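The lines below spell out each chain.
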Amino acid sequence: MPDIGIVQILDKLAERLEPAKAEELLALALEQLGLPVQDTYTPAQVMSIGAAIADAQRATLANSNIPQAQELEKVVGPFIDGIKKDAPHQH
């Protein structure tokens, strides 16, 4: 699988978020993972970036007044934890 460009990652995030928020979340994920800003990332790195971004949003879901959001966090939380534990970007 080919590497994925940072612009592609930001474009995908911006489908659901304001561009500034997308950039902020990506920057936080890269910092958390200890990854540098670069033109492209491996699929494993992108998986780790996605997991870090999803993990950052878990508290929002869990503390939501919307039962479906709370249920979503309960369902996806273990998957996020598993991806973080495996740290695919380090393999």
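Nothing here was measured: the structure is a model prediction, and the numbers come from that model.

Participant: I'm lost on the packing of helix α3 (residues 43–62) against helix α4 (residues 67–86) in this one. Help?
Facilitator: Angle between the axes and distance between the axes: these two values describe a pair of packed helices. Contact geometry of α3 with α4 gives a least axis separation of 9 Å together with a crossing angle of 145°. As for the relative orientation of α3 and α4, their crossing is left-handed in sense. Seen from α3, the contacting residues are Met47, Ala51, Ala54, Asp55, Arg58, Leu61 and Ala62; seen from α4, they are Ala69, Gln70, Leu72, Glu73, Gly77, Ile80, Asp81, Ile83 and Lys84. In terms of residue class, the contact of α3 with α4 is built from 9 nonpolar, 2 polar and 5 charged.

Participant: Would you mind going over α3 with me for this structure?
Facilitator: Note: α-helices contain 3.6 residues per turn, so residues at a spacing of three or four share the same orientation. Under the 1.5 Å per step criterion, the end-to-end length of α3 is 28 Å for 20 residues, consistent within 8% with the ideal 28 Å. Residues Gln45, Ser48, Ile49, Ala51, Ala52, Ile53 and Arg58 constitute the buried set of α3. The inward-facing, buried residues of α3 abut α1 (6–14), α2 (19–33), β2 (40–41) and α4.

Basis of the calculations
- Residues numbered from 1 in each chain as written.
- Predicted model: local features only at pLDDT ≥ 70, side-chain atom pairs only at ≥ 80, totals over all residues.
- Heavy atoms only, no water.
- Axes fitted to C-alpha atoms, helices over the stretch in contact; angles between N-to-C directions.
- Helix = DSSP H or I, 4+ residues; strand = E, 2+ residues; numbered from the N terminus.
- Left-handed = near helix turned anticlockwise from the far one by under 90°.
- Contact = heavy atoms within 4.5 Å.
- Nonpolar A, V, L, I, M, F, W, Y, C, P; charged D, E, K, R; others polar.
- Expected span 1.5 Å × (residues − 1).
- Buried < 20%, exposed > 50% of the residue type's maximum accessible area, 1.4 Å probe, protein only.

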